[in-house]
Amino acid sequence: MIKISLLPPEIRAAAGSFPSVSLPWRKIGVSGAALLIAGSIGLLLLGRSQTLLLGRLAAEWKGLQPQLSQLDQARASLLALKNRDVLFRSLKQPEARWAPRLNLLSDSLVSNLWFTRLKLQPNVSVENPPAPAAAPREPKEAGKSKPRVRPPQPSSTALLVLEGSAFVAGPEEGASVKRYLERLKGRPEFSRWFRGLDLQSVEHRQIGDEQVSDFTIALYPTGSS
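Keep in mind the model is a prediction, meaning the values are calculated, not measured.

## Structural notes on the overall build of the chain
Logical step 1: What the chain contains, in helices and strands, is five helices and four strands.
Logical step 2: What you see in the chain, going N to C, is helices and strands ordered as α-α-α-β-β-α-α-β-β.
Logical step 3: Put simply, the chain has 225 residues, and 25% of those count as buried.
Logical step 4: A fraction of 79% describes how many contacts in the chain between residues 6 or more apart in sequence connect residues 24 or more apart.

## Some remarks on the pairing of strand 3 (residues 194-207)
Logical step 1: Taken together, the twelve bridges between strand 3 and strand 4 (residues 210-221) define a ladder with antiparallel strand orientation. Among the inter-strand pairings, Gln206 is bridged to a residue of strand 4, identified as Gln211.
Logical step 2: Between the end of strand 3 and the start of strand 4, which pair antiparallel, lie two residues, with Gly208 showing a positive phi angle near 65°.

## Digging into the pattern of salt bridges
Logical step 1: For the coordinates displayed, the defined rule picks out two salt bridges.
Logical step 2: The salt bridge involving Arg187 is made with Glu189; its shortest N-O contact spans 3.9 Å.
Logical step 3: For Arg187, a relative accessible area of 24% gives the class partly exposed.
Logical step 4: Judged by its relative accessible area of 31%, Glu189 is partly exposed.
Logical step 5: Notably, a salt bridge pairs Arg205 with Asp214, separated by 2.4 Å at the nearest N-O pair.

## Digging into the sheet that holds strand 1 (residues 113-121)
Logical step 1: Taking strand neighbours across the sheet as the criterion, the four strands line up as 1-2-4-3 in an open arrangement whose pairing is antiparallel. This sheet does not close on itself; its edge strands, each paired only once, are strand 1 and strand 3. In this sheet, neighbouring strand axes are inclined to one another by 15° on average, regardless of whether the strands run parallel or antiparallel.
Logical step 2: Across the sheet, helix 3 (residues 98-107) lies against strand 1, strand 2 (159-167), strand 3 and strand 4, angled at about 150° from strand 1, the strand it touches most.
Logical step 3: Of the strands in this sheet, strand 1, strand 2, strand 3 and strand 4 touch helix 4 (residues 175-186), which is tilted by about 165° from strand 3.

## Focus: the confidence of the model for the chain
Logical step 1: Averaged over all residues, the pLDDT of the chain equals 76, while 66% of them reach at least 70.
Logical step 2: Considering only residues more than four positions removed or in separate chains, one finds that residues 123-156, a stretch of pLDDT under 50, has 69 contacts.

The rules behind these values
Residues numbered from 1 in each chain as written. Predicted model: local features only at pLDDT ≥ 70, side-chain atom pairs only at ≥ 80, totals over all residues. Heavy atoms only, no water. Helix = DSSP H or I, 4+ residues; strand = E, 2+ residues; numbered from the N terminus. Buried < 20%, exposed > 50% of the residue type's maximum accessible area, 1.4 Å probe, protein only. Contact = heavy atoms within 4.5 Å. Pairing = 2+ DSSP bridges. Salt bridge = Lys/Arg side-chain N within 4 Å of Asp/Glu carboxyl O. Axes fitted to C-alpha atoms, helices over the stretch in contact; angles between N-to-C directions. pLDDT = per-residue confidence, 0-100.

This is the structure:
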């Protein structure tokens, strides 16, 4: 075989002076493969440790859920108490004028009817109270009757709830309750102290030979002083 070099003589002489270098390609390949395997094992172990850490954190978070739920309930209760305190502080002010309202309720009493409970219920909406002219619908059957309950909505105004009982003396059931509501709404000062009222429930029960109607009335106070 004839080899022909086209390089100039001085370059051929310089190239011949460099020793030939033989690289250990096999060792380099084995080392690279070992590094690759070690890196893969390291990544696998790191991913495994991260998975275990995530599982442990998830278990701890799940264990904290009852405490978080209790904390939310305590926070809601504290907020409700705070709102109730603000409301009752405003109700105790002289400009609230509750004495005339209570006098109006007692002065409108009719025979065979009496009050059993009067309470203020905070955080009830009075944006859409029932029309004062609307007459309450009395139940048609004695015994058990389904109450008509107006769903409450959050607000900063109190709802006055009046509970009482009345004897059913005549054939018309709930006549005493109906007469009381008509007399109460018919008073001129009613519109000054209340925006309206709603007969929430009427339930009948038997006491010996007497039949009694237990009623609940929701009254919507005005903001006038």
